[in-house]
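Here is how the chains run, residue by residue.
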Amino acid sequence: MESVLRAAVIYIGLLVIMRFAGKRSLAQITTFDFVLLLIIGEASQQALLGQDFSVTNALLVVITLVMLDIGLSLVKRRSKTLDKLLEDVPLVIVEDGMVLKERMAKARVDEQDVLTAARHLHGIERLDQIRYAVLERSGGISIIPKQGKGA
Amino acid sequence: MRKQANEQRSKLFGDDASFQQNQFRAERISWVVMTIVIVSALAGLLGGGGPFARDSKTGIDSSSVSYDRFARHSSPMTLDVNVGSGSERQVRLRLSDEYLTAMNVKSITPAPTSTALGDKQQILVFDRSAPPVAVTIRFQVEPMVFGLQRGWVAIDNAAPISFAHFIYP
């Protein structure tokens, strides 16, 4: 019982923390994000396993985490509200080449992030070639170029 | 029509509808199995606490032993021996040698005043205050073996109380 409860508490705790950290927190995996992920993993490990290092406990913790994830994904399909609460919503940050500064500032995204995504995805050089830039729920930026992007 | 569409998808993208259906079916079955595992764990059937995790047995001399039905290899668990008030100030607790060989005894509370080796058993002696009161002797142990592990405990010359753990890896 203890293993399942420990895993559930850690899962919910991390879910809440990461949700409040915002979309961009671990989306890009910079060097520091990577270190942060390792530290989070190390910090959670002791709480997840306690003094019990048996194979049974390890498998039980993994099964609980996986089933919580599957369970939540099933619940999210039925409830739009819960889906939004847990997964966030996409956010338009550039519209017709115009930067929506307030939105970008609050989401902690800058023009360079948008231009980087634009270059990677479509070889776009300037903001005025972008029809929409959307900060997706995953934290990634997707770009919809203007028709004839040389415009 | 549907077959044609499937063939087209298969040719273009390597899509294999029948394999995917079997995969989906296997996923659903595994979810049920994993749910059963979690419910069993919550009930205490996989060790680590829960409503069915512990059992106790009482001997004819009113002493009893409380133990984990299910335990896990190298994980701490407790074995409580409850000794009735009786008339003797000293409690001689006998524990099966086979059981102690399978367990790593981390602590005994209270600590015995003396120990002795007997025939397939170990004898631990505890002092009580006067007049003798009922006491609980707690062994904290870690299983060193897998599978079913039997043991017995006896107070003074009373008949042994048998118990068993099922130890998961």
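Predicted model, so just to flag it, every value in this text is computed and none were measured.

Along chain A, the regular secondary structure elements total six helices and four strands. Moving toward the C terminus, one meets the helices and strands of chain A in the order α-α-α-α-β-β-α-α-β-β. Radius of gyration (C-alpha) of chain A: 20 Å, far over the 15 Å computed for a compact globule of 151 residues. Each principal axis of the C-alpha distribution contributes one length, and for chain A these read about 60 × 35 × 25 Å.

Here helix α3 (residues 55-78) of chain A is 24 residues long and its end C-alpha atoms lie 35 Å apart, about the 34 Å a rise of 1.5 Å per residue gives. Restricting attention to buried positions, one finds in α3(A) the residues Thr56(A), Asn57(A), Leu60(A), Val61(A), Ile63(A), Thr64(A), Met67(A), Ile70(A) and Lys76(A). Packed against the buried residues of α3(A) are α1 (2-21), α2 (31-49) and α4 (80-87) of chain A together with α2 (17-43), β3 (70-72) and β11 (161-168) of chain B.

Attention now moves to the environment of Gln8(B). Mapped onto the secondary structure, Gln8(B) falls in helix α1 (residues 2-13). With 75 residues separating them in the primary sequence, Gln8(B) and Val83(B) have C-alpha atoms 77 Å apart.

Here we come to the confidence of the model for chain A. Detailed reading of the predicted model is not advised wherever pLDDT is low. Per-residue confidence for chain A gives a mean pLDDT of 87, with 95% of residues at or over 70. Mean pLDDT across the elements of chain A bottoms out in α2(A) (86) and peaks in α3(A) (93).

Right, let's get into the domain arrangement of chain A. Residue and element names in this part refer to chain A. When the domains of chain A are assigned, the result is domain 1 (2-87) and domain 2 (91-145). Of the residues lining the interface, nine residues belong to domain 1; the matching set on domain 2 comes to 12 residues. Both sides together, the interface formed by domain 1 and domain 2 hides about 770 Å², and carbon and sulfur atoms give 43% of it. One can count two residue pairs in polar contact (both at pLDDT 80 or more) joining domain 1 with domain 2. Residue classes in the side of domain 1 that touches domain 2 are distributed as two nonpolar, three polar and four charged.

Right, let's talk about the interface of chain A and chain B for a bit. At the interface, 19 residues of chain A touch 19 residues of chain B. Approximately 1,500 Å² of surface area, both sides summed, lies buried where chain A meets chain B, with 71% of it carried by carbon and sulfur atoms. Area buried by chain A at its contact with chain B is led by Met1(A), Thr56(A) and Met67(A), which between them contribute 37% of it. Counting across the interface, chain A meets chain B through one salt bridge. The residue Asp52(A) makes a salt bridge to Arg72(B) at a minimum N-O spacing of 2.7 Å. Breaking the side of chain A that touches chain B down by element, the ones donating at least two residues are α1 and α3 of chain A. No other element matches α3(A), which puts 10 residues into the side of chain A that touches chain B.

As a further point, take the nonpolar core. In this structure, Val65(B), Val81(B), Leu93(B), Phe139(B) and Val153(B) are the most contacted members of the largest nonpolar core, which totals 23 residues. Of all the elements in the fold, those that place two or more residues in this core are β2 (64-68), β4 (77-83), β5 (90-96), α3 (97-102), β8 (121-127), β9 (135-143), β10 (147-155) and β11 of chain B. In terms of residue count, β4(B) provides more of this core than any other element does, four residues in total. In this view, Val153(B) contacts Val65(B), Val81(B), Leu93(B), Arg94(B), Leu95(B), Pro160(B), Ile161(B) and Phe163(B); residues no more than four positions away in its chain are not counted. Judged by nonpolar contacts, the second largest core, of 16 residues, contains Val94(A), Val109(A), Leu127(A) and Ile143(A).

What follows deals with the confidence of the model for chain B. Predicted confidence across chain B gives a mean pLDDT of 89, with 99% of residues reaching 70 or more. On the interface metric, ipTM, the complex scores 0.72, and its pTM is 0.78.

This brings us to the sheet that holds β4(B). Residue and element names in this part refer to chain B. Ordered by their spatial adjacency, five strands build an open sheet running β1-β2-β4-β9-β6, and the pairing between neighbours is antiparallel. The outermost strands of the open sheet, each flanked by one partner alone, are β1 (54-58) and β6 (103-109). Within the sheet, the average angular offset between the axes of one strand and its neighbour, ignoring direction, is 20°. In this sheet, β9 lies alongside β4 in antiparallel orientation, the contact comprising seven bridges. The residue bridging Thr-78 from the neighbouring strand is Gln-140, located in β9.

Okay, a nonpolar patch on the surface next. Judged by side-chain polarity, Ile29(A), Phe32(A), Phe34(A), Val35(A), Leu36(A), Leu37(A), Leu38(A) and Ile39(A) come together as a nonpolar surface patch covering roughly 720 Å² of accessible area. Relative to the assigned elements, Val35(A) resides in helix α2.

Quick look at the packing of aromatic side chains now. Residues and elements named next belong to chain B. Within the structure shown, the criterion is met by four aromatic pairs over all chains. Ring centres of Phe-166 and Tyr-168 lie 5.1 Å apart, and the angle between their planes is 75°; on these two criteria the pair is classed as edge-to-face. Among the residues examined, Tyr-168 registers a relative accessible area of 18% and is labelled buried. In this structure an aromatic cluster arises from ring pairing among Tyr-67, Tyr-99 and Phe-163.

What follows concerns the pairing of strand β7 (residues 114-118) of chain B. Residues and elements named next belong to chain B. Two strands pair when backbone bridges link them, and β7 and β8 are joined in this way by five bridges, in the antiparallel orientation. The residue bridging Gly-118 from the neighbouring strand is Gln-121, located in β8. Linking β7 to β8, which pair antiparallel, is a turn of two residues; within it Lys-120 sits at a positive phi near 55°.

Thresholds applied
Residues numbered from 1 in each chain as written. Chains lettered and ligands numbered in written order. Predicted model: local features only at pLDDT ≥ 70, side-chain atom pairs only at ≥ 80, totals over all residues. Heavy atoms only, no water. Helix = DSSP H or I, 4+ residues; strand = E, 2+ residues; numbered from the N terminus. Rg over C-alpha atoms; globule rule 2.2 N^0.38 Å. Expected span 1.5 Å × (residues − 1). Buried < 20%, exposed > 50% of the residue type's maximum accessible area, 1.4 Å probe, protein only. Contact = heavy atoms within 4.5 Å. pLDDT = per-residue confidence, 0-100. Domains from an automatic or database assignment. Buried area = accessible area lost by both parts, 1.4 Å probe. Polar contact = N/O pair within 3.5 Å; in protein donor to acceptor, adjacent residues only side chain to side chain. Nonpolar A, V, L, I, M, F, W, Y, C, P; charged D, E, K, R; others polar. Salt bridge = Lys/Arg side-chain N within 4 Å of Asp/Glu carboxyl O. Core = buried A, V, L, I, M, F, W, Y, C linked by side-chain atoms within 4.5 Å. Pairing = 2+ DSSP bridges. Axes fitted to C-alpha atoms, helices over the stretch in contact; angles between N-to-C directions. Patch = residues over 30% accessible without salt bridge, like charges linked within 9 Å, V, L, I, M, F, W, Y side chains within 5 Å. Areas by Shrake-Rupley, 256 points an atom, 1.4 Å probe, with all protein chains shown as cover. Phe/Tyr/Trp six-rings, centres within 6.5 Å; stacked < 30°, edge-to-face > 60°.

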